Protein chains: 2
Amino acid sequence: MIYEITDLKLDNASLILNETLFHNANGYIGVRSNFEEGYPGGIPSIQGAYINGFYDFVEMKQAEKLYGLVEEKQTMPNVADTQGIRVFLGDEEFSMFTGTVLESKRTLNMEEGYTLRRVLWRSPNGKEAEIIIKRLTSFTRLSLFLIEYAVTPLNFDGSILFISTHQGEVTNHSNPDDPRVAAETVKHIIPFRVELRDGRSFVVSRTARSGLTVCTAVENRFASGTEGTVTTETLETGTVTRASAAAVRGRTVKLYKYTVFSDSIRQNNCENHAGEDIEKHTRIPVEDIYREQREYLREYWDGAFLEIRGDEKLSLAVHYNLYQLIQSVTKDGYGNIAAKGLSGEGYEGHFFWDTEMYIQPFFTLTNPEISKTLIEYRFNTLEEARKNARMLGHSRGALYPWRTIMGKECSGYFPAGTAQYHINGDIAYSIVAYYISTRDISFIAEKGAEIVFETARLWMDTGNYYRGKFLINDVTGPDEYTCIVNNNYYTNVCARYNLYWARVFYEILESSGALAPLAEKIGLSAGEIKAFSHAAENMYLPYDEELGINPQDDSFLSKKVWDIPATPKDKFPLLMHYHPLYLYRFQVCKQVDTVLAHFVFEDAQSIETIRNSFLYYEKITTHDSSLSACIFSIIASKLGFRDKAYMYFGDSAKLDLFDTHRNTKDGIHIANMGGNYMAIVYGFGGLRLKEKGIHFAPTLPEQWEGYSFKVHFRGSRILVEVDRESARFTLLSGEEKSIYINSVEYDLHDQVSIKMEAAHEV
Amino acid sequence: MIYEITDLKLDNASLILNETLFHNANGYIGVRSNFEEGYPGGIPSIQGAYINGFYDFVEMKQAEKLYGLVEEKQTMPNVADTQGIRVFLGDEEFSMFTGTVLESKRTLNMEEGYTLRRVLWRSPNGKEAEIIIKRLTSFTRLSLFLIEYAVTPLNFDGSILFISTHQGEVTNHSNPDDPRVAAETVKHIIPFRVELRDGRSFVVSRTARSGLTVCTAVENRFASGTEGTVTTETLETGTVTRASAAAVRGRTVKLYKYTVFSDSIRQNNCENHAGEDIEKHTRIPVEDIYREQREYLREYWDGAFLEIRGDEKLSLAVHYNLYQLIQSVTKDGYGNIAAKGLSGEGYEGHFFWDTEMYIQPFFTLTNPEISKTLIEYRFNTLEEARKNARMLGHSRGALYPWRTIMGKECSGYFPAGTAQYHINGDIAYSIVAYYISTRDISFIAEKGAEIVFETARLWMDTGNYYRGKFLINDVTGPDEYTCIVNNNYYTNVCARYNLYWARVFYEILESSGALAPLAEKIGLSAGEIKAFSHAAENMYLPYDEELGINPQDDSFLSKKVWDIPATPKDKFPLLMHYHPLYLYRFQVCKQVDTVLAHFVFEDAQSIETIRNSFLYYEKITTHDSSLSACIFSIIASKLGFRDKAYMYFGDSAKLDLFDTHRNTKDGIHIANMGGNYMAIVYGFGGLRLKEKGIHFAPTLPEQWEGYSFKVHFRGSRILVEVDRESARFTLLSGEEKSIYINSVEYDLHDQVSIKMEAAHEV
């Protein structure tokens, strides 16, 4: 599984794009793939290294001040730059932009967990060398970023000099014209100590406003077998290391550059911690680091096993997506998954509902421990969510922020941000999914239920009864092209699920004897649970008799229909070309909304309503959001619209590798990557996690010979293999389970096989 | 008509409040009433002099950037400070805060048009003097601000020294915690030339961003009869004048300080113009200036004649309000009426719908030429309104900005700003009212109709048909506690009026032969007019059968009802204590909305609906806006709720003089002052301007003996006198008119009198 591009292009668009596509990350740190030697001036680049959950505060002035509007946001700072390595062959400096690039190639090895850049270069004066640069961020040593830099002189002798820098003075990328990127250059990181200890350099910086500290420790050393001298000098905000060795034709000179990152969110003394870690990581042979990485990934790929037969390119794209998921996801409760992972600065490193609705399903099925960690992050920020609810006027309950790093709301424009109350239901949904998939009652008792209760409370304080029905007014659904609406279908059905499961968890905890301490802690009574149930039972879900669909909200259908085919291509995404107020007056969707509800809460409606709705919304959805196509694919699969399912799946699979949204330079679209997984497993595979168990309804795209995947379910592991003839379900480990295939219950002892003629089709 | 306060308080709250209450303005310039000698440090003060329609641009960053959001606003700069006069009695400096204030009094003389401060002061060393300071801004010489400063030594001889300053280095007031005031201190005025010519000082400044120039010219001179020396020196950004005279007990020393303001919006060379004007104003005797002022006001008060018998205090308050109206209103098409007049910096000098719906009705009835000037301002900014409509996505029509000085939108928070599309209908309404009142067809042909057509067009592009009705979705009505709603009743009925009158004006112009050039200019066809009519005829007006009221918008009644009596007093105004999203979820109104529609467009509903609605909305209206109580008073009058009518009228009358909204320090509430007039003439008097003519339905508050007022109607002037016995309508001048009294038509030759038993009561 190697993603590779050869004949590297050196144009502006390709370079900055490849910085994203070949970034190294391990869920704790992420380093964009900048050339170690730099670019000539004028070439756009976003140079950065990031830490999951690390943040600075930034003032965010409101144009007009209103009570409760957010005026300070968090941002993910670029923490330090340790990528720099300039190389001199004698007196000639290596650059891709001088001399002659005879061969060049970049590789992402997803089994071994590294990226590689190989260049065959001829200098202006004719020196030829092979340069191979291997980089990794270790999954087993989360603080470690390693560069292995190898130069082999092919036709000359003399000297090779590396000038390797460690720079604390860094800034974030900004672009005043793109709402999806920070508008201004703000200094977030202020280096305040530079030290050399045992030949290692340490840069300690503090954040400008959030009072956090980050330390980077760097060691440069030659591989055994290379003889040379290494000297480092300190500068005001960093260090520079000169490593020189003799050049002998045919003999490789190899430099290792270790960087350790440590931050004060996770460590009491991050400077000491960085010192200890760099000592640990440099003491063992490099090969051990590579081996650990391989082993970690072997286990990962086993858990996340997914194979498509008959379309190798697509298969590689899917694996690329799955690799980004493990690169991006936090491994502790201090971080989460930023909208761009750790690959770039788009959306400023914020965490959204993307986590719960697009990414967590993958981990719940393949690695439930990671799901648990993600829920722990929400638990750790529950108190902030309670404060947020108070700020919004609610006397009880918690309201999770629409976008955040450390738990406080960062939405500058609340109608398309804070007003998306559905995030509360999304988080509750993810906890229920984790519970259904694991039956981990003790975690629910300890952390999960409290979130579900507190989010349920918020619905009670948000909605109200009117003529017998429970309404939820003035919220925004997933589709941001219509804001502050009444009875958004997705929100209401999501709130109903939240309220329903609050009761279920209450009863489960009650019967398991775990209820009392939690009920006391948050003052929860049986009467309150009864009110939850009553609201859930009487939840108003808009339905239009004439069209036989669920309207997106109360007034959606009374609006003008946007003519998407008649809209010039350069007017997309619409949000970049139309005033929000204008968009709000149309039936036009940035992304899946009601159709998402029909996937996630499919039992709320008949298949006819789901079909009618799909066909209705398909015509008015622009998919300007990357969270859209994958869900359309899933519902198309469910409805038997095979061509559409495959088309939407393809749109989703290629989004970043083909840069179809033209902003992958700012980072990968990690929610789409999780959604892309869902389009296979939930879409083609028809998987659903329901209260009673796990469901499948396999279909096979005509373009494929077959596909297989493994899932975890309640302690067991199941292999699903689908081809033209049959779908086979094999119990790989764990106790036997009953599973549902096309709504029929089967006992899975060893293997169940069904003929594909019987495959689900409506 | 003298408004006076004695025993001037020197506390923080009173001083800054009196700066507003005693400001001098003439519709072109306004000068706050700061003490010439200044306050000691630490006393809050807003020192300023303003020019109507003069503006600087200010960056207004949006917290989250979205297409079309306004990122630059205009603000009314403080242009220069020429108020400063320090006085030395021998070596002792006069101050209200040292020595002993034996007597003190401030007076606003509304017949003579000046303010007066009289102080009897004893210095720390026992010198006693009477100080009388008279200030005016001339209605006949708009550029002139005059201070007459008289000192009479009572028990000492020696010397008197005036140190009089002319300062170009000024800033605006700011308060980061109040959304109704600018949040930041920005330097708007940059003095670039200071000159002395013929003993007069000139300061020329440019605005920081808008490229405008302002010049102030000052002359200090002793009155004839006072001998002394006057010398002026220039400083970097201003001048200082020392005027000294001998002090002889009992003999008054009098200094005149003339200031002339000139700006580059109105003058090609404002420095020359200031020079000419100061020459003109100083050449004539001061007494002539005072006489002109008296004569101007005599005519004004005759036109705006309004008398309440039986409540002198209230009568004075009403006259105070009417005086502020003439002080605030522009006399040319470059300015308008800022929300705070020219008395302070609240709302940054912006013009709102306040003009058309609250202030212009007064001028239409008493001084139609001023109404015409106000419409001319809108005509002059029509091109900006067209651009604004394009920015909002509309391909045709014009959308007036919610708040502006020079015509560009200044709303930072569009849901409660730009989304108030009703401003288009409000402007159209004011033009119709002017037309009904004057039959000035040539002005309609020249300017008025174009506005009405262009605003009508916008409704066509905003609304859409759904199931046969014309809907207007996603706009905000007058009540800002519910934003971005569908089918706001006020907006829809207002749009209907706009569309209807577009057809009427089309037909009038067609039959008068004036249509062709305008129709050609803006590409208007008979087909388009037909579409206007069709939309007007099918305009959807929400009505609730069960309650028998017009809901404020489609979903208003489905929301929770806010419990106003249960809300602590310190939580008002609600906007300062609750997040907008929270407010939006309640039935709670900042101000009159549907009830306003029932006043302005009363024929759209039955009296039962109007009564039911009044009683319904009364319970949920906080009157957090100063635009509310006056309209409730009018409808209460209409419905015969006499106590309520009087109570709301009283609330409105006392708003500024009693500082009931606790922010009069930032400026008077000029819309309420116009509304207060309406509460008498439209409310108690039952006046309405309708297509067919002028209507009256007089009622008399129990607390009064009677009231009288004069109105202009189609070239005639009518005196209305109401007392307990009868209501008399006298034709003062002009042709005979038919008038409607309690819906009965009368021919008004000379006088019509009706018994008050017949007074309108429902």
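Everything that follows concerns the structure shown earlier in this document.
Think of each chain on its own: its residues are numbered from 1, step by step along the sequence as written. A letter from A marks each chain and a number from 1 marks each ligand, given out in the order of writing. Only residues with pLDDT of 70 or above have their local features reported here, since the model is predicted, and side-chain atom pairs are shown and tallied only from 80 upward, although totals for entire chains, interfaces and linings are computed over all residues. Derived side-chain values reflect all non-hydrogen atoms in the structure, with water molecules and hydrogen atoms excluded from consideration.

*Asks:* Quick rundown of the overall build of chain A? Include the residues and the values.
*Replies:* Comment: elements are numbered from the N terminus, with helices defined as DSSP H or I runs of at least four residues and strands as E runs of at least two. From N to C terminus, chain A includes 18 helices and 32 strands. Using C-alpha atoms as the atom set, the radius of gyration is obtained and then compared with a globule rule of 2.2 Å times the number of residues to the power 0.38. Taking 2.2 N^0.38 as the reference for a compact globule, 762 residues should give roughly 27 Å; the C-alpha atoms of chain A span a radius of gyration of 27 Å, in line with that estimate. Once the C-alpha set of chain A is aligned to its principal axes, its extents read approximately 85 × 60 × 60 Å. We call a residue buried when its accessible area falls under 20% of the maximum for its residue type, exposed when it is over 50%, and partly exposed in between, using a 1.4 Å probe and counting protein chains only. Burial status across chain A gives 67% buried among its 762 residues. Only the protein chains shown count as covering a residue, and every accessible area follows the Shrake-Rupley method with a 1.4 Å probe. As presented, chain A carries roughly 25,500 Å² of accessible surface, and 48% of it is formed by carbon and sulfur atoms. The distance from the centre of the 79 positive side-chain charges to the centre of the 101 negative ones in chain A is 1 Å. Here Asp and Glu are counted as negative and Lys and Arg as positive; His is not counted, and neither are the chain ends. The atoms used to mark charge sites are NZ of Lys, CZ of Arg, CG of Asp and CD of Glu.

*Asks:* Give me the lowdown on a negative patch on the surface, citing residues and values where you can.
*Replies:* Residues and elements named next belong to chain A. Together, Glu735, Glu736, Glu745 and Asp747 make up a region of like negative charge exposed at the surface. Checked against the element boundaries, Glu736 lands in the loop between β29 (726-733) and β30 (737-741). Judged by relative accessible area, which is 42%, Glu736 ranks as partly exposed. Exposure above 30% relative accessible area and the lack of any salt bridge qualify a residue for a patch; like charges then connect within 9 Å, and the nonpolar side chains Val, Leu, Ile, Met, Phe, Trp and Tyr within 5 Å. Any Lys or Arg side-chain nitrogen found within 4 Å of a carboxyl oxygen on Asp or Glu counts as a salt bridge.

*Asks:* With reference to specific residues and values, describe the interface of chain B and chain A.
*Replies:* Contacts between chain B and chain A engage 54 residues on the former and 55 residues on the latter. When chain B packs against chain A, close to 4,900 Å² is buried across both sides, 55% of that on carbon and sulfur atoms. Linking chain B with chain A are 8 salt bridges. For Glu64 of chain A, the salt bridge goes to Arg403 of chain B, with nearest N and O atoms at 3.8 Å. Throughout this description, a polar contact denotes any pair of N or O atoms lying within 3.5 Å of each other; where both atoms belong to protein, one of them has to be capable of donating a hydrogen while the other can accept it, and for residues adjacent in sequence the pair is counted only when both atoms sit in side chains. The interface formed by chain B and chain A includes 28 residue pairs in polar contact (both at pLDDT 80 or more). Of all the elements in the fold, those that place two or more residues in the side of chain B that touches chain A are α9 (441-462), β21 (464-466) and α13 (580-584) of chain B. Top contributing element to the side of chain B that touches chain A by residue count: α13 of chain B, with 4 residues. Contacts between residues were defined by any pair of non-hydrogen atoms, one from each residue, lying within 4.5 Å. Buried area, as used here, totals the accessible surface that two parts lose on assembly, with accessibility defined by a 1.4 Å probe and the loss added over both.

*Asks:* Describe the environment of Ile635 of chain B, naming the residues involved and giving the relevant values.
*Replies:* Examined against the element boundaries, Ile635 of chain B turns out to sit in helix α16 (residues 629-639). Excluding residues within four positions of it along the chain, Ile635 of chain B makes contact with Val595, His598, Phe599, Ile610 and Phe614 of chain B.

*Asks:* Run through the pattern of salt bridges, naming residues and quoting values.
*Replies:* Residue and element names in this part refer to chain A. Counted under the stated rule, the structure contains 120 salt bridges over all chains. Notably, a salt bridge pairs Glu130 with Arg118, separated by 2.8 Å at the nearest N-O pair. With Glu130 in strand β11 (residues 128-137) and Arg118 in strand β10 (residues 114-122), the pair connects residues that are 12 residues apart, well separated along the chain. Between Lys280 and Asp277 there is a salt bridge; the shortest N-O distance is 3.3 Å. Of this pair, Lys280 and Asp277 both sit in helix α2 (residues 270-283), 3 residues apart, which is roughly one turn of that helix. Taking the relative accessible area as the measure of exposure, Asp277 reaches 8% and is therefore buried. Beyond isolated ion pairs, a larger network of salt bridges with shared partners links Glu383, Arg386, Arg396, Glu450, Glu454, Arg457, Lys521 and Glu528.

*Asks:* Describe the packing of helix α3 (residues 286-303) of chain A against helix α4 (residues 312-328) of chain A, naming the residues involved and giving the relevant values.
*Replies:* Residues and elements named next belong to chain A. Viewed as axis vectors pointing N to C, α3 and α4 meet at an angle of 120°, and their least axial separation amounts to 12 Å. Here the hand of the crossing between α3 and α4 comes out right-handed. Across the interface between the two elements, Tyr296, Leu297, Tyr300 and Trp301 of α3 pack against His319, Leu322, Tyr323, Leu325 and Ile326 of α4. With axes taken as lines fitted to C-alpha atoms, and helix axes fitted only over the stretch in contact, angles between N-to-C directions fall between 0 and 180 degrees. Crossing chirality is assigned from the near helix's rotation relative to the far helix, an anticlockwise turn below a right angle marking it left-handed and a clockwise turn marking it right-handed.

*Asks:* An account of the packing of aromatic side chains is requested, with residue identities and associated values reported.
*Replies:* Pairing of aromatic rings covers Phe, Tyr and Trp, the last counted by its six-membered ring, and requires centre-to-centre distances within 6.5 Å; plane angles under 30 degrees mean stacked, over 60 mean edge-to-face, and any other angle means tilted. The final tally for this structure, using the stated rule, is 105 aromatic pairs over all chains. Consider the rings of Phe599 of chain A and Tyr682 of chain A, whose centres lie 5.5 Å apart with planes at 85°: the pair is edge-to-face. Linking Phe599 of chain A in helix α14 (residues 594-600) with Tyr682 of chain A in helix α18 (residues 670-684), this pair joins segments that are 83 residues apart in sequence. Note on Phe599 of chain A: relative accessible area 3%, which makes it buried. Here, a charge over a ring means that NZ of Lys or CZ of Arg falls within 6 Å of the ring centre while also lying within 35 degrees of the ring normal. Its guanidinium or amino end placed over the ring of Phe305 of chain B, Lys710 of chain B lies 5.2 Å from that ring's centre, counting from NZ or CZ.

*Asks:* Tell me about the pairing of strand β9 (residues 100-109) of chain A, and please be specific about residues and values.
*Replies:* All names here are of chain A. When DSSP locates at least two bridges between a pair of strands, those strands are taken to pair. Across 5 bridges, the pairing between strand β1 (residues 2-6) and β9 is antiparallel. Bridge pairing in β9 places Glu4 opposite Thr107. Alignment of β9 against β10, held across 9 bridges, turns out to be antiparallel. Within β10, the residue paired with Arg106 across the bridge is Arg117.

*Asks:* Quick rundown of the sheet that holds strand β16 (residues 213-222) of chain A? Include the residues and the values.
*Replies:* All names here are of chain A. On the basis of which strands lie adjacent, the open sheet formed by 9 strands has the order β1-β9-β10-β11-β12-β19-β16-β15-β14 and antiparallel pairing. If you trace the sheet from one side to the other, it starts and ends with β1 and β14 (189-197), each paired once. For this sheet, the mean angle separating the axes of adjacent strands, direction not counted, is 15°. By the bridge criterion, 6 bridges tie strand β15 (residues 200-207) to β16 in an arrangement that is antiparallel. Residue pairing across strands places Val204 opposite Cys215, the latter belonging to β16. Relative to the sheet, α4 contacts β1, β9, β10 and β11, its axis offset from that of β9 by approximately 70°.

*Asks:* Run through the nonpolar core, naming residues and quoting values.
*Replies:* Formed by 326 residues in total, the largest nonpolar core has its most connected members in Tyr358, Phe453 and Phe505 of chain A together with Tyr358, Phe453, Phe505 and Phe649 of chain B. With residues near it in sequence (within four places) discarded, Phe649 of chain B still touches Ile308, Leu314, Val318, Ser633, Asn676, Ala679, Ile680, Phe684 and Trp704 of chain B. Among the buried residues, those of types Ala, Val, Leu, Ile, Met, Phe, Trp, Tyr and Cys that are joined through side-chain atoms within 4.5 Å form a nonpolar core.

*Asks:* Now, about the environment of Phe94 of chain B: what can you tell me, with residues and values included?
*Replies:* Residues and elements named next belong to chain B. Positionally, Phe94 belongs in the loop between β8 (92-93) and β9 (100-109). On the basis of relative accessible area, Phe94 is assigned to the buried category, the value being 1%. Separated by 22 residues in sequence, Phe94 and Leu116 place their C-alpha atoms 17 Å apart. Residue contacts for Phe94: discarding those within four places in its chain leaves Glu37, Val87, Arg117, Val119, Trp121, Ile131 and Tyr149.

*Asks:* Can you lay out the relation of the copies chain B and chain A for me, pointing to particular residues and giving the numbers?
*Replies:* Superposing copies: least-squares fit, C-alpha atoms only, residues required to have pLDDT of at least 70 in both. Between the two copies, chain B and chain A, the superposition gives an RMSD of 0.0 Å; the rotation angle is 180° and the shift along the axis is 0.0 Å. The transformation relating the two chain copies, once decomposed into turn and shift, fits a two-fold axis. Ranked by how close their C-alpha atoms come to the rotation axis, the residues of chain B are headed by Gln62 of chain B, at 2.9 Å. Most of the interface of chain B is mirrored in chain A, where 100% of its interface residues are also at the interface.

*Asks:* Please give an account of the sheet that holds strand β26 (residues 693-696) of chain A that cites residues and values.
*Replies:* Residue and element names in this part refer to chain A. In space, the 4 strands of this open sheet follow the order β25-β26-β30-β31, with mixed pairing throughout. With one partner strand each, in any of the chains shown, β25 (688-690) and β31 (744-748) form the two edges of the open sheet. Between one strand axis and the next, the sheet turns by 35° as a mean value, whatever way the strands run. As paired strands, β25 and β26 are joined by 3 bridges and run antiparallel to one another. The residue of β26 that forms the bridge with Leu689 is Ile694.

*Asks:* How would you sum up the side chain of Asn550 of chain A? Please name residues and give values.
*Replies:* All names here are of chain A. Among the structural elements, Asn550 can be located in the loop between α12 (526-537) and β23 (560-561). At 2.9 Å, the side chain of Asn550 forms a polar contact with the backbone oxygen of Pro542. Only 2.8 Å separates the side chain of Asn550 from the side chain of His598, close enough to count as a polar contact. The residues contacting Asn550, other than those within four sequence positions of it, are Tyr489, Pro542, Tyr543, Thr594, His598, Gln605, Thr609, Ser613 and Tyr617.

*Asks:* Could you give me a rundown of the pairing of β11 of chain A, with the residues and numbers involved?
*Replies:* Consecutive side chains of a regular strand alternate in pointing toward one face of the sheet and then the other. Residues and elements named next belong to chain A. β11 sits mainly inside the fold: 8 of its 10 residues count as buried. Bridge count between β10 and β11: 8 bridges; the pairing is antiparallel. When the sheet's bridge partners are listed, Arg118 is paired in β11 with Ile132. Between β10 and β11, which pair antiparallel and follow one another directly, the connecting turn spans 5 residues, one of which, Gly126, has a positive phi of 100°. In terms of strand pairing, β11 meets strand β12 (residues 144-153) through 9 bridges, oriented antiparallel. Along β12, the bridge assignment pairs Glu130 with Thr152.

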